[in-house]
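Here are the chains, one letter per residue:
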Amino acid sequence: MAAETVPAVAAKGLDAEGFIEREGSLGRVPHPFRPVVAAARDHVLGLFGSRLHSAYLYGSIPRGTARVGRSDLDLLLALNEEPTEADREDVRTLGEALDKEFPQIDGVGSLLYSRTLLLSELERHDMGWFVACLCTPLLGDDLAEYLPRYRPDSLLARETNGDLALLLPRWRERIEGADSDETRRRLVRFLSRHLVRTAFTLVMPRWNGWTSDLPEMTEVFAAYYPERADQVRMAAVLGRSPSADTAVLRTYVDDLGPWLAHEYTRVHGTKTPRP
């Protein structure tokens, strides 16, 4: 069990009443990425038309920290009805087209859900929180208006990242199937970021703040679990500048991931099961 210490990074990201402030805005989008955002907006409208309830940006681009040629474009799309497999394929195709058209970005990550699911009680402290606090409105009626405000408490920690133990077997399958350096590099980036964010939300209620900055997340975690700090610091580095090293991936699913999943369950419990 980790000793309780005072983090070197001062808590932040909350409003005067202790609720998590929404991060990002269209005004913070760096100039090189504005044509990408404009094209994404137009293509999404053309793709879904009246079926689209709303669209959002998230990640480094609306936070203003994106790096040209290194950062991906992250989109969340909410439909007025349940998306079909054909819809998901259309979104994947759109992402590939945007990635090919704009060298400013390194890939497109897209999430596609129904309005009903995003506003459901089951997703209130997971995808609902994600929309309300981490997403920047791009099109349509902002779903955050229908969601509560959120505190960085144990309930939020459990419902956002309390399913790591369930994810590890799937990650092992993806590692086994990674057949190119590019696939492994993208997998290292994805798993690195996921583990750093999970490490941070493990200690988030004690720190009583919010940040999406990977190095800052790492230092907050390190204050509470110094024995694992170097592993998480390295994951933060690889989350920004990933390698294609299979050994890194093996370490994630054989050591850091299982430890983190066990500790997360011990501290916060497990995420409410999904259908």
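Up top you'll find the structure we're talking about.
Rules and cut-offs
Residues numbered from 1 in each chain as written. Predicted model: local features only at pLDDT ≥ 70, side-chain atom pairs only at ≥ 80, totals over all residues. Heavy atoms only, no water. Helix = DSSP H or I, 4+ residues; strand = E, 2+ residues; numbered from the N terminus. Rg over C-alpha atoms; globule rule 2.2 N^0.38 Å. Contact = heavy atoms within 4.5 Å. Areas by Shrake-Rupley, 256 points an atom, 1.4 Å probe, with all protein chains shown as cover. Lys, Arg positive; Asp, Glu negative; His and termini not counted. Charge placed at Lys NZ, Arg CZ, Asp CG, Glu CD. Axes fitted to C-alpha atoms, helices over the stretch in contact; angles between N-to-C directions. Parallel < 35°, antiparallel > 145°, perpendicular 65-115°, else oblique. Nonpolar A, V, L, I, M, F, W, Y, C, P; charged D, E, K, R; others polar. Core = buried A, V, L, I, M, F, W, Y, C linked by side-chain atoms within 4.5 Å. Buried < 20%, exposed > 50% of the residue type's maximum accessible area, 1.4 Å probe, protein only. Salt bridge = Lys/Arg side-chain N within 4 Å of Asp/Glu carboxyl O.

Peer 1: An account of the overall build of the chain is needed here, citing residue identities and associated values.
Peer 2: Scanning the chain from terminus to terminus reveals eleven helices and four strands. For 275 residues, the compact-globule formula gives about 19 Å, and the C-alpha radius of gyration of the chain, at 18 Å, lands near that figure. Expressed along its principal axes, the backbone C-alpha trace of the chain runs to roughly 55 × 45 × 40 Å. Of the contacts formed within the chain by residues at least 6 apart in sequence, a portion of 76% connects residues at least 24 apart. Total accessible area on the chain stands at roughly 12,700 Å², and carbon and sulfur atoms take up 53% of it. Taking the average place of the 34 positive charges on the side chains of the chain and the average place of its 41 negative ones, the gap between the two points comes to 2 Å.

Peer 1: Residue-level account of the packing of helix α7 (residues 164–177) against helix α11 (residues 246–268), with values.
Peer 2: It is the contact of α7 with α11, at a shortest axis distance of 10 Å, that shows an interaxial angle of 175°. On the basis of the axis angle, α7 is roughly antiparallel to α11. On α11, the residues that touch Leu164, Ala165, Leu168, Trp171, Arg172, Ile175 and Glu176 of α7 are Leu249, Arg250, Tyr252, Val253, Asp254, Gly257, Pro258, Leu260 and Ala261. In the contact of α7 with α11, the residues fall into eleven nonpolar, one polar and four charged.

Peer 1: Which residues make up the environment of Pro103, and what values do they have?
Peer 2: Relative to the helices and strands, Pro103 resides in the loop between α3 (85–101) and β3 (108–114). Taking the C-alpha atoms as reference points, Pro103 and Gly18, 85 residues apart in sequence, are found 40 Å from one another.

Peer 1: Outline the nonpolar core, supporting the account with residue identities and numerical values.
Peer 2: With 60 residues, the main nonpolar core has Leu76, Trp129, Phe130, Trp171, Trp210, Phe221 and Tyr252 as its most contacted residues. Among the elements that take part in this core, helix α8 (residues 181–207) stands out by supplying eleven residues, more than any other. If sequence neighbours within four positions are ignored, Phe130 has contacts with Tyr58, Leu76, Leu111 and Cys135. Ala39, Val44, Phe48 and Ile61 belong to the second-largest nonpolar core, a separate cluster that totals 25 residues.

Peer 1: Tell me about the pattern of salt bridges, and please be specific about residues and values.
Peer 2: Counted by the stated rule, this structure contains 29 salt bridges. Asp142 is the salt-bridge partner of Arg22, the closest N and O atoms lying 2.6 Å from each other. Here Arg22 is found in the segment before α1 (34–48), whereas its partner Asp142 is found in the loop between β4 (135–140) and α6 (154–161), with 120 residues between them in sequence. Residue class for Asp142 comes out buried when judged on its relative accessible area of 14%. Linking Arg274 and Glu159 is a salt bridge whose minimum nitrogen-to-oxygen distance equals 3.2 Å.

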